[in-house]
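The chain contents come next:
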Amino acid sequence: MRRLTRLLADNKGFLTFMLCMFMFRSAVADWNVVPTGSMQPTIEIGDRILVDKAAYDIRLPFTHVSLMHRADPQRGDIVVLDSSAAGERLVKRVIGVPGDQVALIQNRLYVNGKAADYRPIQVSRIRDDREDPALYAVEDTGGMHHAVRWSLAAQGHTRDFGPVSVPAGHYLLLGDNRDNSADSRYFGFFPRNEITGRATRVAMSLDPDNHYLPRKDRWGAALR
């Protein structure tokens, strides 16, 4: 016991720093590794994303207890959540907020009866394209616009979704990689209190197909 007390006393500065860092990451800002491609092309496999933990709530560190409500997620936000339905942390895009009616028909998004517009774009360097070629477009609902990915192999087999109405206190979340994302189409609506922050930009990016060397052009890139 005496040796432990001496060890703690000799390293109290370091221990205090580590505690403060963990509290900061829990309640203010954090960075998360993205191991899957469900948000491609917006977030690539190997990206480390910066998460604003105080975007919506000031929370008691190491808990989901909200000490102060600041804002609610908006359509188009990329959010991080600890999902009880999925049993893991997810990164998805907010498509429907409480009261919205949402549908996907033949890969076209409808929000409150209004169909999104699509503008084809060219996207390169997406890892999955080598074995699963895809089409890319900017999806524009008027209030939000961002890139989406559709697998060519899934064309003609994609199931329609909805229309569904988003209940109070819940959100409808989808991945930008529409044919390869476990999201509200599988898990249903996500509760507001499971959303822990908003992803704002790529902190750093390492390419798993190139010996995890840095993708320097993605460092600091804003997420839209």
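Residues numbered from 1 in each chain as written. Predicted model: local features only at pLDDT ≥ 70, side-chain atom pairs only at ≥ 80, totals over all residues. Heavy atoms only, no water.

- In the annotation of an unreviewed UniProt entry, the protein is listed under the name Signal peptidase I and assigned to Dyella japonica A8.
- On record in UniProt, under Subcellular location (unreviewed entry), the comment for the protein is "Membrane".
- A UniProt comment under Catalytic activity (unreviewed entry) is attached to the protein, and it reads "Cleavage of hydrophobic, N-terminal signal or leader sequences from secreted and periplasmic proteins." (UniProt positions renumbered as here; feature names shortened; annotations may be inferred.)

Notes on the sheet that holds strand β9 (residues 114-115)
Right, on to step 1. One open sheet accounts for 4 strands, arranged β9-β8-β7-β13; its pairing is antiparallel. For this open sheet the edge positions go to β9 and β13 (161-165), each flanked by a neighbour on one side alone.
Right, on to step 2. Relative to strand β8 (residues 108-111), strand β7 (residues 101-105) is paired through 4 bridges, and the arrangement is antiparallel. Paired with A103 across the strands is Y110, a residue of β8. (Pairing = 2+ DSSP bridges. Helix = DSSP H or I, 4+ residues; strand = E, 2+ residues; numbered from the N terminus.)

Focus on the environment of R149
Right, on to step 1. By the secondary structure assignment, R149 is in strand β12 (residues 145-151).
Right, on to step 2. Sequence spacing of R149 and D179 is 30 residues, and the spatial spacing of their C-alpha atoms is 7.6 Å.
Right, on to step 3. Side-chain polar atoms of R149 contact the side chain of Y136, separated by 3.0 Å.
Right, on to step 4. A polar contact of 3.3 Å, which involves the side chain of R149, links it to the side chain of N177. (Polar contact = N/O pair within 3.5 Å; in protein donor to acceptor, adjacent residues only side chain to side chain.)

Examining the sheet that holds β12
Right, on to step 1. Ordered in space as β10-β11-β12, the 3 strands form an open sheet in which the pairing is antiparallel. Edge strands, defined here as strands with exactly one partner in the open sheet, are β10 (117-121) and β12. Here the average twist between neighbouring strands, direction ignored, is 35 degrees. (Axes fitted to C-alpha atoms, helices over the stretch in contact; angles between N-to-C directions.)

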